Amino acid sequence: VQLQASGGGLVQPGGSLRLSCVASGIIFRNKAMAWYRQAPGKQRELVAGITSGGSAKIADAVKGRFTISRDNARNTVYLQMNSLKPEDTAVYYCNTALGWSFSALNSWGQGTLVTVSS
């Protein structure tokens, strides 16, 4: 399984970014996918997950600001991040996931760094 996350960068508070994750080596349409993040000095946490059927779970910390979507034709999962806050600064990772807890299933890829700062 290969998971390539992209789209991170430096953005001002209140700004937006869209992250993309292309997956290969799996039957993407059958897999739940999720985004996670790890801020400096903190544990990795679930940000948002989406089932193979399109049902989404969003962490309370980002609810109302972030949305997750998927494009099975492109083997890609997206994370749209709006109204970004400095506390959203982290490395963001994608992974295949299991169950409604969206436990990560595979080894972690490189991730993409999001920095929210003025």
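Remember, predicted model here, so these are calculated numbers, not experimental data.

Quick notes on the rules
Residues numbered from 1 in each chain as written. Predicted model: local features only at pLDDT ≥ 70, side-chain atom pairs only at ≥ 80, totals over all residues. Heavy atoms only, no water. 1 Å grid on protein atoms, 1.4 Å probe; cavity = no way out; pocket = protein on both sides within 12 Å on 5 of 7 lines; lining within 4 Å. Points joined across faces, edges and corners; volume = space filled by probe spheres on them. Nonpolar A, V, L, I, M, F, W, Y, C, P; charged D, E, K, R; others polar. Salt bridge = Lys/Arg side-chain N within 4 Å of Asp/Glu carboxyl O. Buried < 20%, exposed > 50% of the residue type's maximum accessible area, 1.4 Å probe, protein only. Disulfide = S-S within 2.5 Å. Helix = DSSP H or I, 4+ residues; strand = E, 2+ residues; numbered from the N terminus.

(A) Representation of the layout of surface pockets within the structure. In this structure, the largest pocket encloses a volume near 160 Å³. Lining the largest pocket are Arg37, Gln38, Ala39, Lys42, Gln43, Glu45, Pro86, Glu87, Asp88, Thr89 and Ala90. Of the residues that constitute the lining of the largest pocket, the class distribution is three nonpolar, three polar and five charged.

(B) The pattern of salt bridges, seen in detail. Using the criterion set out here, one finds five salt bridges in the structure. With a closest N to O distance of 3.1 Å, Asp60 and Lys63 form a salt bridge. Looking at Asp60, the relative accessible area reads 66%, which means it is exposed. Several salt bridges share partner residues, and in doing so they unite Arg37, Glu45, Arg65 and Asp88 into one network.

(C) Up close: the state of the cysteines. Overall, the coordinates contain one disulfide when judged by the stated rule. Note that Cys21 is cross-linked by a disulfide to Cys94, the S-S spacing being 1.8 Å. Across the S-S bond linking Cys21 and Cys94, the dihedral sits near 60°, which makes this disulfide right-handed. One end of the pair, Cys21, is in strand β3 (residues 17–24); the other, Cys94, is in strand β9 (residues 90–98), with 73 residues separating them in the sequence. Of the two residues examined, Cys21 and Cys94, each falls in the buried class.

(D) A look at unusual backbone geometry. The phi torsion at Asn75 lies on the positive side, around 50°, for a residue other than glycine. Take Asn75: its relative accessible area is 25%, and that puts it in the partly exposed class. Phi angles above zero are rare outside glycine, and Ser83 is one such case at about 50°. Position of Ser83 among the secondary structure elements: in the loop between β8 (76–81) and β9. The class of Ser83 is partly exposed, set by a relative accessible area of 40%.

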